[in-house]
Amino acid sequence: SLEETVRREIMEELGIRVRLTRLMGIYSEVFPRTAGYMLSFVYLGKRLPGPIKPEPGEIETYIWMPVREALRSTLNPFAKAGLRDYLRKHKPPHP
């Protein structure tokens, strides 16, 4: 299933287990220079207990940050879209 694929990818890249709570959105992007097209499924989830063990060669560094800071920091269009949708639906308080 799609959810199993998401959990497997997170385990492979970060070495953590997650409980997916819901699908936040399905987003698409066209890359004109390469004529490529990408479809992305963004989930909201909870990290389960255990150490983070990033996959060498895949994840160079990682940090945990507030959602608003993540939205300002990411260059990933799919992450931006998912974070915007999350903020629209959850409206966390401003610091």
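Residues numbered from 1 in each chain as written. Predicted model: local features only at pLDDT ≥ 70, side-chain atom pairs only at ≥ 80, totals over all residues. Heavy atoms only, no water.

Colleague: Could you clarify how one ought to interpret helix H3 (residues 77–90) in this entry?
Modeller: Side chains three or four residues apart in an α-helix point the same way, a direct result of the helix having 3.6 residues per turn. End to end, H3 covers 20 Å across 14 residues, agreeing with the expected 20 Å (1.5 Å per residue, within 8%). All of the buried residues in H3 are Phe78, Ala81, Gly82, Leu83, Asp85 and Leu87. Of the surrounding secondary structure, the elements contacted by the buried residues of H3 are strand E1 (18–31), strand E2 (36–47) and helix H2 (67–73). Where H3 ends, the next residue or the one after it, Lys91, has phi of about 40°, a positive value. (Helix = DSSP H or I, 4+ residues; strand = E, 2+ residues; numbered from the N terminus. Expected span 1.5 Å × (residues − 1). Buried < 20%, exposed > 50% of the residue type's maximum accessible area, 1.4 Å probe, protein only. Contact = heavy atoms within 4.5 Å.)

Colleague: Just to check I follow, could you spell out the pattern of salt bridges for this structure?
Modeller: Pairs can form between side chains of opposite charge once their charged atoms are near each other. In this structure the tally under the stated criterion is 2 salt bridges. Between Arg8 and Glu12 there is a salt bridge; the shortest N-O distance is 3.7 Å. Placement of the pair is Arg8 and Glu12 together in helix H1 (residues 2–14), with a separation of 4 residues, close to one helical turn. Note that Arg88 is salt-bridged to Asp85, the shortest N-O span being 2.6 Å. With a gap of 3 residues between them, Arg88 and Asp85 both fall in helix H3, about one helical turn apart. Accessibility expressed as a relative area gives 53% for Arg88, which makes it exposed. You can call Asp85 buried: its relative accessible area is 16%. (Salt bridge = Lys/Arg side-chain N within 4 Å of Asp/Glu carboxyl O.)

Colleague: I tried to follow a nonpolar patch on the surface on my own but got confused; where do I start?
Modeller: On the surface, Leu2, Leu23, Ile26, Val30, Tyr37, Leu39 and Phe41 cluster together into a nonpolar patch covering about 640 Å² of accessible area. Only E1 and E2 provide two or more residues apiece to the nonpolar patch. (Patch = residues over 30% accessible without salt bridge, like charges linked within 9 Å, V, L, I, M, F, W, Y side chains within 5 Å. Areas by Shrake-Rupley, 256 points an atom, 1.4 Å probe, with all protein chains shown as cover.)

Colleague: Where do I start with the side chain of Thr74 in this structure?
Modeller: Among the secondary structure elements, Thr74 is positioned in the loop between H2 and H3. A relative accessible area of 17% means that Thr74 is categorised as buried. Excluding residues within four positions of it along the chain, Thr74 makes contact with Ala79, Lys80 and Leu83.

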